[in-house]
Amino acid sequence: MSKVITAEQAAALIKDGVTIGSSVMGLAGWPEELAIAIEKRFEQTGHPRDITLVHSSAAGDHAQKGATHLGHEGLVKRLICGNTAGAPSLVRLIQEDKIECYFIPQGVICQLWRAIAGNKPGVITKVGLRTFVDPRLEGGKITSITREDLVQLIEINGEEWLLYKKFPIDVAIIRGSVADENGNLTMDREMCILEALPLAMAAKNSGGIVLAQVEHIAKTGTLHPKAVRVPGALIDYVFTAKPENHMQTQQTYFNPAFAGDIKVPVESIPPLPLDAKKIIARRAAVELVPNSIINLGVGIPTTVSAIAAEEGVSDEMTLTTEIGLFGGIPASARWDFGAAYNYEASIDHASMFDFYDGGGLDVTFLGMAQADQEGNVNV
């Protein structure tokens with residue numbers, strides 16, 4: 001039996017009080033068509049309400065698209081995320097102390113899906129120790145009505161670790177490019193893989209459901225099995241989206257280079273204008289090391305890749321972004337963050353953080369709002 005339904009039918013399956021997990025980076029991976037349908041249903045009926053929304057990275061375009069569709073008082077009760085800047089309506093609810101909110105490290109959340117799927121106690125890591133997510137400080141709690149402890153300090157072999165506790169996922173909302181009638185999902189046109197597979201596993205092993213947005217539906221049995229990123233057995237329903245509701249990045253609907261379909265001439269990438277940001281990026285680029293693996297964070301750090309391209313040294317090192325892209329030239333345009341030109345490989349989000357957390361990077365360039373003269377960063 002076909003698993004194809006409409007976005008409105010998918011929205012109707014979401015019950016009050018459920019925990020929803022999303023695999024998203026900006027608008028990459030975000031099922032915008034479903035978010036619109038959920039918002040419309042809530043405005044018309046008052047349901048679903050009191051949901052918990054969980055996502056690892058930013059979810060939206062900082063304006064009208066993304067998780068901001070869910071930013072209505074009564075719709076969301078609790079938000080657990082690594083970054084909520086992309087959804088201004090949720091930011092407002094946080095500022096007004098109207099929802100529970102936790103800020104948890106991005107890598108921890110995308111790895112948490114695997115812990116939930118594998119029935120492990122959670123994610124055990126040193127990430128977050130002695131920062132505001134440490135339970136001896138604030139435990140990642142952002143609003144005054146946020147009370148439950150989701151992070152626990154533990155000791156293993158005499159060392160301090162943080163345990164980010166698991167919780168069930170009732171609904172996974174994911175996205176791909178094409179699905180067949182059985183729900184088998186490909187990601188050929190997507191900008192990145194993200195964590196759709198472990199999130200779908202987490203929902204299924206929690207007794208929940210998986211809803212997937214795609215651009216196109218294929219006949220059962222016509223997709224190459226190695227192209228399938230999420231097996232249909234893990235997906236309950238699929239629905240299609242309008243092109244404007246299936247963006248690769250926060251500003252780009254589709255660029256074949258971002259999908260890895262083409263390689264572009266380096267000289268075709270526009271140079272940065274000469275301003276303060278470029279001066280900072282050029283000074284940072286002096287620290288680039290040949291034959292090294294490098295991470296570029298959001299903000300000014302992304303422009304380091306443009307400097308490397310201008311100077312013709314991009315091929316002398318491996319530039320990466322945390323969503324799983326290796327090599328090439330990470331896009332320096334702010335609203336294309338996460339994408340890259342001419343990248344060599346794409347892995348899933350959680351696996352990239354395994355590599356980062358284990359010490360795989362030689363150099364990293366990070367953005368920040370505040371730091372003192374000793375290099376302490378306000379996280």
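Residues numbered from 1 in each chain as written. Predicted model: local features only at pLDDT ≥ 70, side-chain atom pairs only at ≥ 80, totals over all residues. Heavy atoms only, no water.

Chemist: Report on the sheet that holds strand E7 (residues 159-165), specifying residues and quantitative values.
Modeler: Within the open sheet, the three strands sit side by side as E5-E7-E6. Their pairing is antiparallel. One side of each edge strand has no neighbouring strand; the edge strands of this open sheet are strand E5 (122-125) and strand E6 (151-156). On average, each strand axis in the sheet is inclined to that of its neighbour by 30°, with strand direction left out of account. Of the strand pairs in this sheet, E5 and E7 are connected by four bridges, and their pairing is antiparallel. Bridge pairing in E7 places Thr 125 opposite Leu 162. (Pairing = 2+ DSSP bridges. Helix = DSSP H or I, 4+ residues; strand = E, 2+ residues; numbered from the N terminus. Axes fitted to C-alpha atoms, helices over the stretch in contact; angles between N-to-C directions.)

Chemist: Just give me the short version of the packing of helix H6 (residues 276-285) against helix H7 (residues 303-310), but keep the residues and values in it.
Modeler: Two elements in contact, H6 and H7, have axes separated by 9 Å at closest approach and are oriented at 70°. By the angle class used here, H6 and H7 are roughly perpendicular. Side by side, H6 and H7 meet where Lys 277, Lys 278, Ala 281, Arg 282, Ala 284 and Ala 285 of the first sit next to Thr 303, Val 304, Ile 307 and Glu 310 of the second. Looking at the contact of H6 with H7 residue by residue, the class counts come to five nonpolar, one polar and four charged. (Parallel < 35°, antiparallel > 145°, perpendicular 65-115°, else oblique. Contact = heavy atoms within 4.5 Å. Nonpolar A, V, L, I, M, F, W, Y, C, P; charged D, E, K, R; others polar.)

Chemist: Tell me about the environment of Glu 73, and name the residues and values.
Modeler: Summarising the element assignment, Glu 73 is placed in the loop between strand E2 (51-55) and strand E3 (76-81). You can call Glu 73 exposed: its relative accessible area is 52%. For the pair Glu 73 and Thr 131, spaced 58 residues apart in sequence, the C-alpha to C-alpha distance is 30 Å. (Buried < 20%, exposed > 50% of the residue type's maximum accessible area, 1.4 Å probe, protein only.)

Chemist: Would you mind going over the state of the cysteines in detail, with residue names and values included?
Modeler: Applying the stated criterion across every chain yields a total of zero disulfides. Summary of cysteine pairing: Cys 101 is not part of a disulfide, and the nearest cysteine sulfur, belonging to Cys 81, is at 5.2 Å. This cysteine, Cys 110, is not joined by any disulfide, and Cys 192 carries the nearest cysteine sulfur, 11 Å off. (Disulfide = S-S within 2.5 Å.)

Chemist: A description of the nonpolar core should follow, citing residues and the corresponding values.
Modeler: Ranked by internal contacts, the top residues of the largest apolar core, which has 38 residues, are Ile 174, Leu 185 and Val 230. Once residues lying within four places of it in the same chain are set aside, the contact partners of Ile 174 are Gly 29, Pro 31, Leu 185, Ala 196, Leu 199, Val 210, Leu 211, Ala 212, Gln 213, Val 230 and Ile 235. Counting 35 residues, the second-largest nonpolar core is a separate cluster that includes Leu 53, Leu 70, Cys 101 and Phe 239. (Core = buried A, V, L, I, M, F, W, Y, C linked by side-chain atoms within 4.5 Å.)

Chemist: Let's hear about the sheet that holds strand E4 (residues 100-103): which residues, and what values?
Modeler: The strand order across the open sheet formed by seven strands is E4-E3-E2-E1-E8-E11-E14, and the pairing between neighbours is parallel. On the outer flanks of this sheet lie E4 and strand E14 (237-240), each paired with one strand and no other. Sheet twist, expressed as the average angle between the axes of neighbouring strands with direction ignored, equals 15°. With three bridges joining them, strand E1 (residues 19-22) and strand E8 (residues 171-175) adopt parallel strand pairing. Across the sheet, the residue bridging to Ile 20 is Val 171, located in E8. Against the sheet, helix H4 (residues 106-117) makes contact with E1, E2 and E3, and its axis sits at roughly 110° relative to E2, the strand it touches most.

Chemist: Describe H7, naming the residues involved and giving the relevant values.
Modeler: Of all eight residues in H7, seven are buried, a share of seventy percent or more. If you check which residues of H7 are buried, you get Thr 303, Val 304, Ser 305, Ala 306, Ile 307, Ala 308 and Ala 309. Close packing links the buried residues of H7 with H6, strand E15 (293-296), strand E16 (318-321), strand E18 (329-330) and strand E21 (363-365). Where H7 terminates, the next one or two residues include Gly 312, which has phi positive at roughly 70°.

Chemist: Residues and numbers for the packing of aromatic side chains, please.
Modeler: For the structure on display, the rule yields four aromatic pairs. Considering the side-chain rings of Phe 355 and Tyr 356, the 6.5 Å spacing of their centres and the 45° angle between planes classify their relative orientation as tilted. Feature note: the residues Phe 326, Phe 353, Phe 355 and Tyr 356 constitute an aromatic cluster, connected by ring pairs. Looking at Lys 126, its charged tip hangs above the ring of Trp 161, at a distance of 4.4 Å from the centre. The ring of Phe 254 carries Arg 189 above its face, with NZ or CZ at 3.9 Å from the centroid. (Phe/Tyr/Trp six-rings, centres within 6.5 Å; stacked < 30°, edge-to-face > 60°. Lys NZ or Arg CZ within 6 Å of the ring centre and 35° of its normal.)

So, to be careful, I would describe these as geometric facts and stop short of saying anything about function.
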